[in-house]
Amino acid sequence: MDRAFQRTRILTNHLLLSTPAQTACLTSNDCFNYSPPELSENYAFDVNEMRKLMDGHDVEERDRLFGLIIQSRLFNPRVRGGKVFVSPDYNQSMEQQREMTWKRIEYLLERGVFKGWMTGEGEDVEMKRFACFEVLGLFDHSISIKLGVHFFLWGGAIQFFGTKHHHDKWLRDTENYKVKGCFSMTELGHGSNVRGIETVTTYDSKTGEFVINTPCESAQKYWIGGAAKHATHTIVFSQLNINGNNEGVHALIAQIRDADGNVCPNIRIADCGHKIGLNGVDNGRIWFDNVRVPRENLLNSVADVSPDGKYLSSIKDPDQRFAAFLSPLTAGRVNIAVNAVYQSKVGLSIAIRYALTRRAFSLKPNEPEVLLLDYPSHQRRLLPLLAKIYAMSFGANYLKMLYVKRTPQSNKTIHVVSSSFKATITWSNMQILQECREACGGQGLKTENRVGHLKAEHDVQSTFEGDNNILMQQVSKALFAEYMAAQKRNKVFKGLGLEHMNKPCPVIPSQLTSTTLRCSQFQMDALCLRERELLNRFVADVSQYLAKGESKEQAFNMSYQVAEDLGKAFSDRAIFQTFVEAEATLASGSLKDVLGMVRSLYALNCLEDITYLRYGFLSVDNGVAVSREITKLCTELRPHALGLVSSFGIPDSFLSPIAFNWVDANSWSSVQH
Amino acid sequence: MASSVSSQHDEVLVEEKSFARILTLNRPKQLNALSSQMISRLLELFLANEDDPNVKLVILKGKGRAFCAGGDVAAVVHDIRAGGWRAGANFFMKEFTLNYLMATYSKLQVSILNGIVMGGGNGASMHGRFRVATENSLFAMPETALGLFPDVGASYFLSRLPGFFGEYLCLTGARLDGAEMLACGLATHFVQSAKLPALEAALCAADSSDTVIISSIIGQYSEQPSLKEQSVYNRLDVIDRCFSQKTVEDILSALENEAVNRRDGWISTTIQTLKKASPTSLKISLRSIRAGRLQGVGPCLIREYRMVCHVMRGEFSKDFFEGCRAILLDKDKNPKWEPSKLELITDTTVDIYFSKVKNEDWEDLKLPARSKFNLPPYVIAKL
């Protein structure tokens, strides 16, 4: 009867509304009014304090840089729904986007943003630089990559591989962009396998010059950011051939353009063309035709060639020498991991704010439609991801600290942690952005709403500076080495957070209660258990292949599945640990209470991973208990959703129209008539 | 059908004209400086008018040669001397609440800025939807010369001016005329004062609360004044270069670099003004406007209330009292700031002004609840 009544009503409405005079009634319907979430949601904790905890450092510096961007016409401000949004005009041609990226860099340069980035020293400088990259990355991936190539790769190579005369000659000019650097490592035929590159450098003792050559098409340098248009100089990686001996991969400086931007003799440059994202970066290809550079251009901190052509190196082992060359890539990896966290923050802020204002379907006839975020299913889609990004924020902050406090002894830890975090966080970023895109429905497809577009912009993160799959395999190999070392020398595990391996294996209760599931000790036990079991299994699998006479390399290749599961188990546990440590620094209060729930949601979300059931670490019953608890936590965190995304500290201008008054932003009056 | 409902002696005069209410600040001898009573009265009137379905438009203006020269700071200092810093805090709590009410007002406010509009006067007008400047308008936020900082939500509305013009106005207290106010967006219209009576009559006859309609009515009396040749607004380039710098010290040295490159009276005046202002005020003002640029109007006022409480308490610097002495009371125009130099004020000290006041029963500013429905889009955008 109700149904029939409603249908009649709808039909009546249709008929009545067909006269123009009546259409005005439409706007008075509650559902069509945008109601700002700020006025209906309360913050149960201090959002500013939470932001300080999340960003971790340099909050004021970040805000200044946000302000510099918002206040300049160069950053393409547009008013939508009464608010200003900044984001590049992705509708511009590739050439225009590249020029805009460069103009923005010039603007920031003039404002002293890069002051001290190359010439300054110390942890504070490095942390501040990370903070600036996080902010710039929130504007656009292209600008952060373009700067990253110049400062972290080109500049970093000079800092790390060069010696004093290189520092004196290049660092200041790099900081103020007298030279524009790029980094020629990858070739058409070799990406992750840097040791296989084919570019060759020989030495001519008669002139005291190195001669760089691209011997074949697969040796052309490929994807070189900055090479297609702007860069004047590059670091070139090549096989150094001295007196017929291949001494392995070394790095030198070569000029590729003059100050007026003309390509130098014996250099050929071509464009990599339009890409699915990052079109504000001019990726290019370079061929070297017997390019001559002075002997001093060899970056000689690891190895040198004497004027008369003798090869000299303080590191005799070629493996170690090669490892030393790859160290600047670590900074890039740290940057990528951290940047990915911030992209997810953008996606989640937008999707959750939208879900707090967009309604769909009524539960009963004549009732207002339900807010998207009040649907348990919508909570279940977004809130575990929100918890994940909280955890990854703490992980990223830990990674940055680890990097800036680096010592020769911590190199291995940095390599393992940065590799695993980079892979885990960039993969999860793609997953989060996809979920957020879908959660915004069709609005997620509009470039101006950012979420969908960010996927294309950041897809590259899963493969550059180390393919994620390969990085995860490297992590497992490193853990394997730890295991063998401990076993062989009958020593305890020390470092990489593996100390739990020295303790008895944790036991998971057969009946998991809500209290247990929310206990951080249980959560830690469950994550350690998986890591431990997978490491044992990985060692066993590899050993079995070795016993059958397979080579070590082949044994690793055959055990790829466990290797990747182990890499994931390692990083989930390590990230969880950073969460627990951050939580422990807080005084009890509402902030800590909310974070406790977020931590539980993150941990239980990890426990829902397929590996727990695949390897039987959790019973089916316990798996169900975990799932049920996640649903409960989502309900409990729902009232904090706005507070949790507001704590990301991303200014409104860096989100998008659907995160705010999307009705007004799409109103007829906002259309350019 | 006009009727007068207030007496000549009231500090706020009220006229009811069909769907409009004209509120006139009526303390001409004090240039309409806002007393505590006036603020209470305005709060009362604004709340009542918002609820009254017969009211569609509120016009706010001042009697005499000022719209409003600011909050009655001399009275605040007097109250603090008599009743402690909390007396001062209470004044600002009420004033900022009024500012928030105006910023989130569901009806249209038209402020007629026919004369001086400074400090608290800006707080009472800039948050409203329409600000009408005239050839008599004289704008300034002069707080840094007084040992205070631009409050009343200035960290919201100044930070949203083009480029770094807001930082310039905020730190130097520079004065603008009506044409400049229009150019930078502080005013929405410019009307010759001779046309004001006609404009008022037209607004009162309007019977509309539609932004577009009201804007076009004001537009009929408006003109596009040209900037005077020496206008500071023609120097946006230099202002952007210098006032976008990171710290007050950096801003000063950027200005000094500009001065080296060319002889320019304006640059040296600007440098002199900055050097005469309270160093503590400069530092907290810069931090405040930069934070405000990224915040909604509510959080801006909450932050400014924290700051003003710290200033009133004077635990780190008593510059506010010294400034009031030198400018308003003794009028020797020679304040002795303490700390006396920028370099004596560290970031950690500045942090204090942004933290909660550690005092029993002190609370952050509680903003009045606003209806989540029927707020116009231009209000929603400010939240």
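Residues numbered from 1 in each chain as written. Chains lettered and ligands numbered in written order. Predicted model: local features only at pLDDT ≥ 70, side-chain atom pairs only at ≥ 80, totals over all residues. Heavy atoms only, no water.

## What to know about the UniProt feature "domain: Acyl-CoA oxidase/dehydrogenase middle" (unreviewed entry) in chain A
Link 1 in the chain: UniProt marks residues 182–291 of chain A with the feature "domain: Acyl-CoA oxidase/dehydrogenase middle" (unreviewed entry), using the numbering shown here.
Link 2 in the chain: The span residues 182–291 of chain A carries 0% helix and 46% strand; its end-to-end C-alpha distance comes to 17 Å. (UniProt positions renumbered as here; feature names shortened; annotations may be inferred. Helix = DSSP H or I, 4+ residues; strand = E, 2+ residues; numbered from the N terminus.)

## Re the UniProt feature "domain: Enoyl-CoA hydratase/isomerase" (unreviewed entry) in chain B
Link 1 in the chain: Cross-referencing UniProt, the feature "domain: Enoyl-CoA hydratase/isomerase" (unreviewed entry) maps to residues 21–354 of chain B in the present numbering.
Link 2 in the chain: The annotated region residues 21–354 of chain B carries 51% helix and 10% strand content, and the separation between its end C-alpha atoms amounts to 38 Å.

## Here's the deal with the packing of aromatic side chains
Residue and element names in this part refer to chain B.
Link 1 in the chain: Following the criterion strictly, the structure yields 39 aromatic pairs over all chains and no others.
Link 2 in the chain: Plain terms: the ring middles of Tyr-168 and Phe-243 are 5.4 Å apart, the flat faces sit at 80 degrees to each other, and that makes the pair edge-to-face. In this pair, Tyr-168 is assigned in helix H6 (residues 165–172) and Phe-243 in helix H10 (residues 236–243), connecting sequence segments 75 residues apart.
Link 3 in the chain: Classification of Phe-243 by relative accessible area gives buried; the value is 0%. (Phe/Tyr/Trp six-rings, centres within 6.5 Å; stacked < 30°, edge-to-face > 60°. Buried < 20%, exposed > 50% of the residue type's maximum accessible area, 1.4 Å probe, protein only.)

## Examining the domain arrangement of chain A
Residue and element names in this part refer to chain A.
Link 1 in the chain: Taken domain by domain, chain A holds domain 1 (180–318) and domain 2 (325–489 + 512–654).
Link 2 in the chain: Each of domain 1 and domain 2 has a C-alpha centre, and these two points are 37 Å apart.
Link 3 in the chain: The interface of domain 1 with domain 2 comprises nine residues on the first partner and nine residues on the second.
Link 4 in the chain: For the pair domain 1 and domain 2, the summed buried area comes to about 840 Å², and 73% of that belongs to carbon and sulfur atoms.
Link 5 in the chain: Together, Ser-192, Ile-276 and Leu-278 form the three largest contributors to the area buried by domain 1 at its contact with domain 2, with a combined 46%.
Link 6 in the chain: Between the two partners, domain 1 and domain 2, sit zero salt bridges.
Link 7 in the chain: The interface formed by domain 1 and domain 2 includes one residue pair in polar contact (both at pLDDT 80 or more). (Domains from an automatic or database assignment. Contact = heavy atoms within 4.5 Å. Buried area = accessible area lost by both parts, 1.4 Å probe. Salt bridge = Lys/Arg side-chain N within 4 Å of Asp/Glu carboxyl O. Polar contact = N/O pair within 3.5 Å; in protein donor to acceptor, adjacent residues only side chain to side chain.)

## A few points about the sheet that holds strand S5 (residues 66–68) of chain B
Residue and element names in this part refer to chain B.
Link 1 in the chain: Taken together, the four strands give an open sheet; going across it, the order is S5-S7-S9-S10, and neighbouring strands pair in mixed fashion. This sheet does not close on itself; its edge strands, each paired only once, are S5 and strand S10 (176–177).
Link 2 in the chain: Alignment of strand S7 (residues 116–118) against strand S9 (residues 138–140), held across three bridges, turns out to be parallel. Bridge pairing in S9 links Ile-116 to Leu-138. (Pairing = 2+ DSSP bridges.)

## Here's the deal with the side chain of B:Glu180
Residue and element names in this part refer to chain B.
Link 1 in the chain: Tracing the chain through its elements places Glu-180 in helix H7 (residues 178–184).
Link 2 in the chain: Using a relative accessible area of 2% as the deciding quantity, one classes Glu-180 as buried.
Link 3 in the chain: When near neighbours in sequence (up to four residues on either side) are disregarded, Glu-180 contacts Arg-175, Leu-227, Lys-228, Ser-231, Val-232 and Tyr-233.

## Let's talk about the sheet that holds strand S6 (residues 221–225) of chain A
All names here are of chain A.
Link 1 in the chain: With antiparallel pairing, the three strands of this open sheet are ordered in space as S6-S10-S9. One side of each edge strand has no neighbouring strand; the edge strands of this open sheet are S6 and strand S9 (267–271). Averaged over all neighbouring strand pairs, the angle between strand axes comes to 35 degrees, with direction disregarded.
Link 2 in the chain: Bridging between S6 and strand S10 (residues 283–288) involves three bridges; their strand directions are antiparallel. Bridge pairing in S10 places Lys-221 opposite Ile-286. (Axes fitted to C-alpha atoms, helices over the stretch in contact; angles between N-to-C directions.)

## What about the confidence of the model for chain B?
Link 1 in the chain: The pLDDT averaged across chain B works out to 95; a share of 98% of its residues lies at or above 70.
Link 2 in the chain: Across the interface, the model reports ipTM at 0.93; the global pTM reads 0.93. (pLDDT = per-residue confidence, 0-100.)

## Some points on the UniProt feature "domain: Acyl-CoA oxidase C-alpha1" (unreviewed entry) in chain A
Link 1 in the chain: As recorded in UniProt, the feature "domain: Acyl-CoA oxidase C-alpha1" (unreviewed entry) lies at residues 329–479 of chain A.
Link 2 in the chain: Taken end to end, residues 329–479 of chain A is 70% helix and 3% strand, and its two terminal C-alpha atoms sit 21 Å from one another.

## Things to note about the pairing of strand S2 (residues 12–17) of chain B
Residue and element names in this part refer to chain B.
Link 1 in the chain: Inspection of the sheet shows S2 paired to strand S3 (residues 20–25) by six bridges, in the antiparallel sense. Bridge pairing in S3 places Val-14 opposite Leu-23.
Link 2 in the chain: Following S2, the chain reverses through two residues before pairing antiparallel with S3; Ser-18 in that reversal takes a positive phi of roughly 35 degrees.

## Details of the pattern of salt bridges
Link 1 in the chain: Tallied over the entire structure, the rule returns 65 salt bridges over all chains.
Link 2 in the chain: A:Asp289 serves as the salt-bridge partner of A:Arg268, at 2.9 Å between the closest nitrogen and oxygen. Of the two residues, A:Arg268 sits in strand S9 while A:Asp289 sits in the loop between S10 and strand S11 (291–294), which places them 21 residues apart along the sequence.
Link 3 in the chain: Residue class for A:Arg268 comes out partly exposed when judged on its relative accessible area of 41%.
Link 4 in the chain: Residue B:Arg370 pairs with B:Glu50 through a salt bridge whose shortest N-O separation is 2.7 Å. Of the two residues, B:Arg370 sits in the loop between helix H16 (347–353) and helix H17 (377–380) while B:Glu50 sits in helix H1 (residues 36–51), which places them 320 residues apart along the sequence. For the pair B:Arg370 and B:Glu50, one class covers both residues: buried.

## Observations regarding the packing of helix H17 (residues 520–547) of chain A against helix H19 (residues 560–584) of chain A
Residues and elements named next belong to chain A.
Link 1 in the chain: At their nearest, the axes of H17 and H19 sit 9 Å apart, and the two run at 155 degrees to each other. In terms of axis orientation, H17 runs roughly antiparallel to H19. Here H17 runs over H19; the crossing is left-handed. Contacts between H17 and H19 involve Ser-520, Gln-523, Met-524, Leu-527, Cys-528, Arg-530, Glu-531, Leu-534, Leu-535, Arg-537, Phe-538 and Asp-541 from the former and Val-562, Ala-563, Asp-565, Leu-566, Lys-568, Ala-569, Phe-570, Asp-572, Arg-573, Phe-576 and Gln-577 from the latter.
Link 2 in the chain: Considering only residue class, the contact of H17 with H19 consists of 12 nonpolar, three polar and eight charged. (Parallel < 35°, antiparallel > 145°, perpendicular 65-115°, else oblique. Left-handed = near helix turned anticlockwise from the far one by under 90°. Nonpolar A, V, L, I, M, F, W, Y, C, P; charged D, E, K, R; others polar.)

## Brief notes about the interface of chain A and chain B
Link 1 in the chain: At the interface, 27 residues of chain A touch 26 residues of chain B.
Link 2 in the chain: In terms of surface lost to chain B, no three residues of chain A exceed A:Leu39, A:Arg64 and A:Gln71, which account for 28% of the buried area on that side.
Link 3 in the chain: Of the charged contacts in the structure, one is a salt bridge between B:Lys246 and A:Glu61, with a shortest N-O distance of 2.8 Å.
Link 4 in the chain: Scanning the region where chain A abuts chain B turns up eight residue pairs in polar contact (both at pLDDT 80 or more).

## A look at unusual backbone geometry
Link 1 in the chain: In this structure, the amide linkage connecting B:Glu338 to the following residue, B:Pro339, adopts the cis form with an omega of -5 degrees.
Link 2 in the chain: In this fold, B:Pro339 is placed in the loop between helix H15 (319–329) and H16.
Link 3 in the chain: Residues other than glycine seldom take positive phi values, yet A:Asp58 does so here, at roughly 55 degrees.
Link 4 in the chain: Residue position: A:Asp58 is located in the loop between helix H4 (47–55) and helix H5 (59–70).

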